[in-house]
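Fold and geometry: a report
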Amino acid sequence: MLVYYCPECPQSFETLPAIKEHYMHSHNSSVCPICGKPVRKSLACHAKMIWQNRGCELHATLYYLLRTGRGGSAKNNGLYRKAREVAEKVLSSRISWNGGDSDE
């Protein structure tokens, strides 16, 4: 069975919806946990912009964790599906946002 690991705490989850719910309620803030930049409007928008401009898989994962996947344009829904594919790979490994092992 595939397990998904939270990149900010030692919790693990059996499904992507479960880790999304956990992350949105436990770790959403106004500072990017990956690059440390303060975010004025939306952390999801920040993550999307960095992912699209720099190809950062961690920011793609953060975008997936924070976006609901409902509504929006076909273009944004396509981005959401791509972000989900990246997130499945990233969250099934024991990573932390700062690049270390989440058990450290």
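Heads up: the structure comes first, above all this text.
If you're wondering where the values come from, they're calculated on a predicted model, not measured in any experiment.

**Some details on the pattern of salt bridges**
Following the criterion strictly, the structure yields two salt bridges and no others. Two residues, Glu 88 and Arg 84, come together in a salt bridge whose shortest N-O distance is 3.9 Å. Residue Glu 88 and its partner Arg 84 are located together in helix α4 (residues 74–91), separated by four residues, close to a single helical turn. Judged by relative accessible area, Glu 88 falls into the partly exposed class, the value being 29%. Classification of Arg 84 as partly exposed rests on a relative accessible area of 36%.

**Side note on the packing of helix α2 (residues 43–54) against helix α3 (residues 57–66)**
In contact at an axis separation of 8 Å, α2 and α3 are set at 150° when each is read in the N-to-C sense. Put simply, α2 runs roughly antiparallel to α3. The crossing of α2 and α3 is left-handed. Here α2 contributes Leu 43, Ala 44, His 46, Ala 47, Lys 48, Ile 50 and Trp 51 to the contact with α3, which in turn contributes His 59, Ala 60, Leu 62, Tyr 63 and Leu 66.

**Here we look at the nonpolar core**
Counting 29 residues, the largest nonpolar core has Ile 19, Tyr 23, Leu 62, Tyr 64, Leu 65, Leu 91 and Trp 97 as its most contacted members. Counting residues per element, this core draws most heavily on α4, at seven residues.

**Concerning the packing of helix α1 (residues 16–26) against α3**
Between α1 and α3, the least distance of the axes is 8 Å, while the angle of their chain directions is 85°. With respect to α3, the axis of α1 lies roughly perpendicular. On α3, the residues that touch Leu 16, Ile 19, Lys 20, Tyr 23 and Met 24 of α1 are Leu 62, Tyr 64, Leu 65 and Leu 66. Residue composition of the contact of α1 with α3, by class: eight nonpolar, no polar and one charged.

**Quick notes on the environment of Val 3**
Looking at the secondary structure, you find Val 3 in the segment before β1 (4–5). Here the alpha-carbon distance between Val 3 and Thr 15, two residues 12 residues apart in the chain, equals 7.2 Å. If near-sequence neighbours (up to four positions away) are discounted, Val 3 is found in contact with Ser 12, Phe 13, Leu 91 and Ser 92.

**Some words on α1**
Inspection of α1 places Leu 16, Ile 19, Lys 20, His 22 and Tyr 23 among the buried residues, and these make up the whole buried set. Buried residues of α1, seen end-on, are gathered within an arc of 165° and therefore sit on one face of the element. The exposed set on the far side of α1, more than 90 degrees from its buried face, consists of Pro 17, Glu 21 and His 25. Sitting at the amino-terminal end of α1 is Thr 15, which places a side-chain oxygen 3.1 Å from the backbone nitrogen of Ala 18.

**Notes on the state of the cysteines**
Under the defined criterion, the tally for this structure stands at zero disulfides. The closest cysteine sulfur to the non-disulfide-bonded Cys 32 is located on Cys 35, 3.6 Å from its own sulfur.

Definitions and limits used
- Residues numbered from 1 in each chain as written.
- Predicted model: local features only at pLDDT ≥ 70, side-chain atom pairs only at ≥ 80, totals over all residues.
- Heavy atoms only, no water.
- Salt bridge = Lys/Arg side-chain N within 4 Å of Asp/Glu carboxyl O.
- Helix = DSSP H or I, 4+ residues; strand = E, 2+ residues; numbered from the N terminus.
- Buried < 20%, exposed > 50% of the residue type's maximum accessible area, 1.4 Å probe, protein only.
- Axes fitted to C-alpha atoms, helices over the stretch in contact; angles between N-to-C directions.
- Parallel < 35°, antiparallel > 145°, perpendicular 65-115°, else oblique.
- Left-handed = near helix turned anticlockwise from the far one by under 90°.
- Contact = heavy atoms within 4.5 Å.
- Core = buried A, V, L, I, M, F, W, Y, C linked by side-chain atoms within 4.5 Å.
- Nonpolar A, V, L, I, M, F, W, Y, C, P; charged D, E, K, R; others polar.
- Arc of directions from axis to C-beta.
- Polar contact = N/O pair within 3.5 Å; in protein donor to acceptor, adjacent residues only side chain to side chain.
- Disulfide = S-S within 2.5 Å.

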